[in-house]
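Spelled out, the chains give:
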Amino acid sequence: MKVVFNESSMRRVLHMMLRFSLIEIRASDSVATSAKIADVFHNLPLALLGCSTVEDYEELMQTLHERAERCGLGSYIRGLQSVAETEVSKSVT
């Protein structure tokens, strides 16, 4: 069964993705990889302040995916989103 996320749960997914990405940046041995991850996520905190609807969060997620694709991190971000959604859905259901 697919979980439908509301504004609150979508915000939690994005925060969790940011949290995981910061851990990845800290743990990475590659400055280039850290820079790419930072490039994808550096605008997220400010962008989250402007989100209030499901559509806002979906647009923000799409923007993250587009940036990730440009940086060669598309599969990384898709995986990160999947893990975050799984974790958040455990608390929703």
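Everything discussed here concerns the structure shown above.
Residues numbered from 1 in each chain as written. Predicted model: local features only at pLDDT ≥ 70, side-chain atom pairs only at ≥ 80, totals over all residues. Heavy atoms only, no water.

### Observations concerning the overall build of the protein chain
Okay, so step 1: From N to C terminus, the protein chain includes five helices and zero strands.
Okay, so step 2: Helices (α) and strands (β) of the protein chain occur, in sequence order from the N terminus, as α-α-α-α-α.
Okay, so step 3: Taken over the C-alpha atoms alone, the protein chain extends approximately 40 × 25 × 20 Å along its principal axes.
Okay, so step 4: Split into buried and exposed, the 93 residues of the protein chain put 38% on the buried side.
Okay, so step 5: A separation of at least 24 residues holds for 72% of the contacts in the protein chain among residues at least 6 apart in sequence.
Okay, so step 6: Summed over all atoms, the accessible surface of the protein chain reaches about 5,800 Å², with 55% contributed by carbon and sulfur.
Okay, so step 7: Looking at charge distribution, the protein chain has the averaged site of its 10 positive side-chain charges lying 6 Å from that of its 12 negative ones. (Helix = DSSP H or I, 4+ residues; strand = E, 2+ residues; numbered from the N terminus. Buried < 20%, exposed > 50% of the residue type's maximum accessible area, 1.4 Å probe, protein only. Contact = heavy atoms within 4.5 Å. Areas by Shrake-Rupley, 256 points an atom, 1.4 Å probe, with all protein chains shown as cover. Lys, Arg positive; Asp, Glu negative; His and termini not counted. Charge placed at Lys NZ, Arg CZ, Asp CG, Glu CD.)

### Let's talk about helix α1 (residues 7–27)
Okay, so step 1: The terminal C-alpha atoms of α1, which comprises 21 residues, lie 30 Å apart, in line with the 30 Å expected from a rise of 1.5 Å per residue.
Okay, so step 2: If you check which residues of α1 are buried, you get Ser9, Met10, Val13, Leu14, Met16, Met17, Leu18 and Ser21. (Expected span 1.5 Å × (residues − 1).)

### Brief notes about the side chain of Arg67
Okay, so step 1: Locating Arg67 in the fold gives a position in helix α4 (residues 54–70).
Okay, so step 2: Taking relative accessible area as the criterion, Arg67 reaches 18% and is therefore assigned buried.
Okay, so step 3: The contacts of Arg67, once residues within four sequence positions are left out, are Asp39, Val40, His42 and Asn43.

### Section: the packing of helix α2 (residues 31–41) against α4
Okay, so step 1: Closest axis-to-axis distance for the α2/α4 pair is 8 Å, and the angle between their directions is 150°. Between α2 and α4, the angle falls in the class roughly antiparallel. In this structure, α2 meets α4 at a crossing whose hand is right-handed. In this structure, α2 contributes Asp39, Val40 and Phe41 to the contact, and α4 contributes Leu64, Arg67 and Ala68.
Okay, so step 2: Residue composition of the contact of α2 with α4, by class: four nonpolar, no polar and two charged. (Axes fitted to C-alpha atoms, helices over the stretch in contact; angles between N-to-C directions. Parallel < 35°, antiparallel > 145°, perpendicular 65-115°, else oblique. Left-handed = near helix turned anticlockwise from the far one by under 90°. Nonpolar A, V, L, I, M, F, W, Y, C, P; charged D, E, K, R; others polar.)

### Details of the nonpolar core
Okay, so step 1: Ranked by internal contacts, the top residues of the largest apolar core, which has 25 residues, are Leu14, Met17, Val40, Phe41 and Leu44.
Okay, so step 2: Counting residues per element, the ones that place at least two in this core are α1, α2, α3 (44–49), α4 and α5 (74–92).
Okay, so step 3: When near neighbours in sequence (up to four residues on either side) are disregarded, Val40 contacts Leu64, Arg67, Ala68, Cys71, Leu73 and Ile77. (Core = buried A, V, L, I, M, F, W, Y, C linked by side-chain atoms within 4.5 Å.)

### Looking at the state of the cysteines
Okay, so step 1: Evaluated as defined, the whole model comprises zero disulfides.
Okay, so step 2: Here Cys51 is not cross-linked by a disulfide; its sulfur's nearest cysteine counterpart is in Cys71, at 20 Å.
Okay, so step 3: The exposure class assigned to Cys51 is buried, which follows from its relative accessible area of 13%.
Okay, so step 4: For Cys71, a relative accessible area of 15% translates into the label buried. (Disulfide = S-S within 2.5 Å.)

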